[in-house]
Amino acid sequence: MTTSATVATDQAPRPATIRTVSQHIVEFVSDSGEGAQTAGQLFGTIAAKSGNGVWTVEIIPAEVEPPARSRAGASGNRVRVGTKEVTNMGDTADIVIAFNEQVLYSRIDVGALKQGTMILLENKWAKSGLPGVPEAYAEALADFARRGYVVVEVPMEAECLKVVKDARRGKNIWCLGLLCAVYDLDMQHVEVELKRKLGKKSAEVVANNIALLTSGRTWGDANIEMRFNVPVEPTTQTMVVMNGNQAIALGAMAAGFEVCSMYPITPATSVSHHLASVFHRSGGFVHQAEDEIAAIGFALGCAYAGKTPLTVTSGPGLALKTEFIGLAVMAELPIVLVDVQRGGPSTGLPTRVEQGDLLSVLFAEPGDAPKIILAPATIAECFDFMITARKLAETFRGPVMVLTDANLATGQQPFPRPELKEEWLAPPIDQSAWDRTVRPYEWDPATGLSQRPIPGQRNGNYVLTGLAHDEHSRVAYESSINQHSMEMRSRKLATLLDSLKPPTVRGDDTGDLLVVGWGSTLGAIDEAIDRLRAEGHRISSVHLRYLSPMEPGLKEIFARFKKVMTVEINYSDDVNAAGFTAQNRRYSQLAFLLRAQTLCDVDCWSRVPGSPLSPSMIENALRTHLTKG
Amino acid sequence: MFGLKQDWQLDEKARHFVLEDYEGAAPRWCSGCGDNAVLSAVQRLARDLQLVPEKTVTVAGIGCSSRFPHYMKTYGFHGLHGRALPVASGVRARRPDLDIFVATGDGDCCAIGTAHWIHAIRYNMKMVVMLLDNNVYGLTKKQTSPTSRRSFTSNTHPQGSLLSPLNPLSVTLGITNASFVAQTVDWNPAHVYETLKAAHAHPGLAFVRILQRCPHFMDGHFQDIQDDPSKILLMTHDKGIPIDPSLKRLFKNQVVHDPSDLDAARRYADTQDAVPIGLFYRNEHAERYDLDTARGIDMTPQQRMKAVDAELDRFLV
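Quantities reported herein were computed from a predicted structural model and do not represent experimental measurements.

S.K.: Before we go on, may I ask you to explain the layout of surface pockets in this structure?
M.R.: The probe, sized like a water molecule, is rolled over the atoms to show the empty space still left. What the largest pocket holds in volume is close to 1,300 Å³. Taken together, the residues of the lining of the largest pocket break down into 22 nonpolar, 13 polar and 13 charged. Counted as a void, the second largest pocket has a volume near 1,100 Å³. Taken together, 36 residues make up the lining of the second largest pocket; nearest its centre are Lys 197, Asn 243, Gln 246 and His 274 of chain A together with Phe 315 of chain B. Secondary-structure elements contributing two or more residues to the lining of the second largest pocket are helix 1 (36-49), strand 4 (53-59), helix 6 (187-198), strand 10 (239-243), helix 8 (244-254), helix 9 (269-278) and helix 14 (406-410) of chain A. The dominant element in the lining of the second largest pocket, judged by the number of residues it contributes, is helix 9 of chain A, at 6 residues. Of the residues that make up the lining of the second largest pocket, three or more belong to each of domain 1 (6-229) and domain 2 (241-420) of chain A.

S.K.: Got a minute to help me understand the packing of helix 8 of chain A against helix 13 (residues 379-395) of chain A in this structure?
M.R.: When two helices pack together, their arrangement is captured by the angle between the axes and the distance separating the axes. Residues and elements named next belong to chain A. Closest axis-to-axis distance for the helix 8/helix 13 pair is 7 Å, and the angle between their directions is 25 degrees. In this view, helix 8 runs roughly parallel relative to helix 13, as classed from their interaxial angle. As for the relative orientation of helix 8 and helix 13, their crossing is right-handed in sense. From helix 8, Gly 244, Ala 247, Ile 248, Leu 250, Gly 251, Ala 252 and Ala 254 reach across to helix 13, where they touch Ile 379, Cys 382, Phe 383, Met 386 and Ile 387.

S.K.: Where do I start with the domain arrangement of chain A in this structure?
M.R.: Many analyses report the size of an interface as the accessible area lost when the parts associate. Residues and elements named next belong to chain A. In terms of domains, chain A is made up of domain 1 (6-229), domain 2 (241-420), domain 3 (432-499) and domain 4 (511-628). Centre-to-centre, using C-alpha coordinates, domain 1 lies 36 Å away from domain 4. Listed by partner, the interface residues are 7 residues for domain 1 and 9 residues for domain 4. Of all residues in domain 1, the largest losses of buried area upon contact with domain 4 belong to Asn 88, Met 89 and Asp 91, amounting jointly to 67% of the total for that side. Across the salt bridge formed by Asp 91 and Arg 531, the nearest N and O atoms sit 2.9 Å from each other. At the junction of domain 1 with domain 4, the criterion picks out 7 residue pairs in polar contact (both at pLDDT 80 or more).

S.K.: What should I look at first to understand the environment of Arg 83 of chain B in this one?
M.R.: By secondary structure assignment, the location of Arg 83 of chain B is in the loop between strand 2 (75-78) and helix 3 (84-93). In sequence terms Arg 83 of chain B and Asn 253 of chain B are 170 residues apart; their C-alpha atoms lie 37 Å from each other. Those residues within four positions of Arg 83 of chain B in sequence are excluded, and the remaining contacts are Ile 293 and Phe 324 of chain A together with Ile 112, Gly 113 and His 116 of chain B. A distance of 2.9 Å separates polar atoms of two side chains, one belonging to Arg 83 of chain B and the other to His 116 of chain B.

S.K.: Looking at this model, I keep getting lost on helix 9 of chain A. Mind explaining?
M.R.: Along an α-helix, residues three or four apart share an orientation, since each turn contains 3.6 residues. The set of residues buried in helix 9 of chain A consists of Thr 269, Val 271, Ser 272, Leu 275 and Val 278 of chain A. On the buried face of helix 9 of chain A, the contacting elements are helix 8, strand 11 (259-262), strand 12 (285-288) and strand 13 (310-313) of chain A together with helix 12 (301-313) of chain B.

S.K.: What is the right way to read helix 3 of chain B from this model?
M.R.: With 10 of its 10 residues buried, helix 3 of chain B lies for the most part within the structure. Considered for burial, the residues of helix 3 of chain B that qualify are Ala 84, Leu 85, Pro 86, Val 87, Ala 88, Ser 89, Gly 90, Val 91, Arg 92 and Ala 93 of chain B.

S.K.: Sorry, what's going on with unusual backbone geometry here?
M.R.: For residues other than glycine, phi is negative in most cases, and the peptide bonds are mostly trans. Residue and element names in this part refer to chain A. Omega for the bond connecting Gly 344 with Pro 345 falls within 30 degrees of zero, at 0 degrees, which places this linkage in the cis form. Here the amide bond leading from Ser 548 into Pro 549 is cis, since omega sits at -5 degrees, within 30 degrees of zero. Checked against the element boundaries, Pro 549 lands in the loop between strand 21 (546-548) and helix 17 (554-559). A positive phi angle, close to 60 degrees, is found at Glu 332, a residue other than glycine. Assignment of secondary structure puts Glu 332 in the loop between helix 11 (315-331) and strand 14 (335-341). Among the residues examined, Glu 332 registers a relative accessible area of 0% and is labelled buried.

S.K.: In this structure, what is going on with the sheet that holds strand 2 of chain B? I would like to understand it.
M.R.: Backbone hydrogen bonds hold the strands of a sheet together, and the pairing may be parallel or antiparallel. Taken in spatial order, the 10 strands make up an open sheet running 18(A)-2(B)-1(B)-3(B)-4(B)-8(B)-7(B)-11(B)-9(B)-10(B), and their pairing is mixed. Among the strands making up the open sheet, the edge pair consists of strand 18 (463-465) of chain A together with strand 10 (254-256) of chain B. The average undirected angle you get between the axes of adjacent strands in this sheet is 20 degrees. One ladder, built from 4 bridges, connects strand 1 (residues 56-60) of chain B with strand 2 of chain B; its direction is parallel. Considered in strand 2 of chain B, the bridge of Val 57 of chain B is made with Tyr 75 of chain B. Contacting strand 18 of chain A together with strand 1 and strand 2 of chain B, helix 10 (residues 292-304) of chain A crosses the sheet at an angle of about 155 degrees to strand 2 of chain B.

S.K.: Is there a simple way to explain the sheet that holds strand 20 (residues 539-544) of chain A in this structure?
M.R.: Residues and elements named next belong to chain A. Spatial strand order, 20-19-22-23: 4 strands in an open sheet with parallel pairing. Each edge of the open sheet is held by one strand with a lone partner, namely strand 20 and strand 23 (603-606). Averaged over all pairs of adjacent strands, the angle between their axes in this sheet comes to 25 degrees, without regard to strand direction. Where strand 19 (residues 511-518) lies against strand 22 (residues 561-568), 5 bridges are found, and the strand directions are parallel. Considered in strand 22, the bridge of Val 516 is made with Thr 566. Along the sheet, helix 16 (residues 522-534) contacts strand 19, strand 20 and strand 22; its crossing angle with strand 20, the most-contacted strand, is approximately 170 degrees. Across the face of the sheet, helix 18 (residues 589-598) comes into contact with strand 19, strand 20, strand 22 and strand 23 while running at roughly 140 degrees to strand 22.

S.K.: Just to check I follow, could you spell out the packing of aromatic side chains for this structure?
M.R.: Centre distance and the angle of the planes are the two values used to describe a pair of aromatic rings. Following the criterion strictly, the structure yields 19 aromatic pairs over all chains and no others. When the ring of Phe 17 of chain B is compared with that of Tyr 22 of chain B, the centres are 6.3 Å apart and the planes differ by 65 degrees; the resulting orientation is edge-to-face. Exposure class is identical for Phe 17 of chain B and Tyr 22 of chain B. Each is buried. Taken together through their ring pairs, the aromatic side chains of Tyr 304, Tyr 441, Trp 443 and Tyr 462 of chain A together with Tyr 75 and Phe 77 of chain B make up a single cluster. It is Arg 69 of chain A that lies over the ring of Trp 125 of chain A; its NZ or CZ is 4.5 Å from the centre. Taking the ring centre of Tyr 587 of chain A as reference, the NZ or CZ of Arg 595 of chain A above it sits at 4.0 Å.

Criteria and thresholds
- Residues numbered from 1 in each chain as written.
- Chains lettered and ligands numbered in written order.
- Predicted model: local features only at pLDDT ≥ 70, side-chain atom pairs only at ≥ 80, totals over all residues.
- Heavy atoms only, no water.
- 1 Å grid on protein atoms, 1.4 Å probe; cavity = no way out; pocket = protein on both sides within 12 Å on 5 of 7 lines; lining within 4 Å.
- Points joined across faces, edges and corners; volume = space filled by probe spheres on them.
- Nonpolar A, V, L, I, M, F, W, Y, C, P; charged D, E, K, R; others polar.
- Helix = DSSP H or I, 4+ residues; strand = E, 2+ residues; numbered from the N terminus.
- Domains from an automatic or database assignment.
- Axes fitted to C-alpha atoms, helices over the stretch in contact; angles between N-to-C directions.
- Parallel < 35°, antiparallel > 145°, perpendicular 65-115°, else oblique.
- Left-handed = near helix turned anticlockwise from the far one by under 90°.
- Contact = heavy atoms within 4.5 Å.
- Buried area = accessible area lost by both parts, 1.4 Å probe.
- Salt bridge = Lys/Arg side-chain N within 4 Å of Asp/Glu carboxyl O.
- Polar contact = N/O pair within 3.5 Å; in protein donor to acceptor, adjacent residues only side chain to side chain.
- Buried < 20%, exposed > 50% of the residue type's maximum accessible area, 1.4 Å probe, protein only.
- Pairing = 2+ DSSP bridges.
- Phe/Tyr/Trp six-rings, centres within 6.5 Å; stacked < 30°, edge-to-face > 60°.
- Lys NZ or Arg CZ within 6 Å of the ring centre and 35° of its normal.

So this is what it looks like as structure tokens:
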């Protein structure tokens, strides 16, 4: 198996060579609808449940049914498995299972493969009756050899047809069996997970899938020489494994939300899918509104009547919700809005990763609309932040925005199983009599905080309004009242800021370069910086979870480094590109904010590849800045 | 759960509410504005039904008539232009114990809020929706509204509006799951009162269009109908809006219309030569979304935690 383009045969088993590795990256790619995503997710779950560290990234086509054998149609999953915790998608794949050579090209185009990557490739195309296909396949094989990939041609469909009638449905599970051979997995565990995934499917379907799995394993054992072992470190911790959107859904349930009011939008929707399937069990329901505006309007109605709601959306939906977010700020209604960011502007890259909504979340509303903005950086934080967010929304009486992105949404990662606490749940709606001497917006001048009456509370009757209002909620046009009420709403952020601690610096707290990040880039930035530190560079990082109010102490931290820069997945002008200068250049979004906040000359490196940043991309970019000095 | 005191009903029975208990800020509508008559009808109805003020919520969008909540001494939500209905639906979602009145204008409901109008009718969550229709944008000072008559001259159509008016009644009666549709006129307080009373009793969303005078921008707009009772088509039926005998004498132009007959309701909604008032349609058995949205409100924290624990366990490594 050391030469490329080897055709494996199903003769006597070959002696296996086992290589132990600390981490490995596997990709499944197929045409859309062939099940590579399912197989990849399943492999990730199995690895996690065996005790490995795991990070998965979905490879998503832009259309539901793209044409077959097209680069644009590539669908699948990357699974990075490690002995220790895995925090990001890594760099290049070690093994790729591809159902045709064209979808593989989409991965080659984005630099997902390297010299030596092992490709397990469906070989039925060599004898395809479709015009041009055998030629394209042969051409690709020659090209792959030139590129130094190790190709193993696999008769996937032919083998599946020995087990089932329709190979298109089931090839993915056969390939999972193949991988079980490569990683010598315990088949009992795999079968348990497969059955769990099949859920309530008929006994016949389950039997077929088990037969496919077994067939793939047998073929792999007989024909594939290479074996990899990613050792597992024993742990006593009870872990769960899920993706970010599932973590948000479960976190919302654990936080005692009872209402999720939403409108379908990619990539946020799957939060509500997960919720819709189980929310009723904890007494909640998902309202699918007629549009994005109605979704938040309905949510604010719930908030007014005493139930802090959740709404989930992505960029275009966020834009439509703007006016109501302003009302939530003005009328001080608690609501948690999760924005699963995608590529923008406009319809942009609906299924892809971007951190492009920070400034619009902060500034979209007319006038001054101070609000709390959180950004979880891991799957576990997607869960935890829902509990924090509801409490903050109620304590600070206003909207709390939680920014995740498509990378967190679909990335699976194991984390310690949360132990639920009753105090996480929302308290019952207060229906006790209101003290009639307390005004509905009785702002504490020191904190800006006030208590709100809920319908049903006797003597609390007030009329909420989006107009400027005084402490009685009476419409007020007086300039002094407007100045004061604006100050009170802003003061709440200052109050929250007082309770926050400065962020932890990863690495030495002085040095040549400090990298600042936020959101899903945490793992990739950490890995890049660890590599550079290992080379002796004096580089550290800070990762922000609170973006409004901005975490305290940044100016002091920045002052201890020769240079500070952000790494983000949003657009900024590259100062080295023609036409841009240090003066006219537009900065990435966090850099823009940090410059304003700290008056430090914060630089940035940001890209919008439509995919997560890999550690090596970041490492290379940072190295340039380090050598420039 | 739900925070209701076990004995609250006993508590409430000891209270008696008078008109002042429902009177909020002094209305700032123009004198002669039809909104005043509607407000007064709602306040009288609340008193007569002894609605508990803190259990009553008025929701409105933006516009002249949407100032309505400020003038009630109940809880109120004066939100965004066009968005009263989603907010009211949200208020209802987890609160079957509240009485909800929505005030919306022809611009609010039939222009910027049209999508919500259609879907709120379909959701059929229990509330009274009052469309205060004066055929003009008043708050922004005389622009054409979707219900303005053709050739109406306004600041946006100084040469006269170009389109025939949208008919909110036939639109509403065309929406799947519409369950209560009525029309009345602000200058007939007895009929307004009886219509709102029937609307409040309805188990679902009751949509009441109220033709409403705007003396400031539309002086004399409905004068022809006011002056000539034959221009009103009074719909009567023993299952319809109760009619005072004096009204029966005043409005000679009458028709007996069974409000369970949807086809006939749609025909009367399209009446061209007179203004039909009364109950077009009522179906007390239409699907109600609020019965679904309220599920689980009485669950205990222990039940909730048990459910979340079970879900978490499904993801165990």
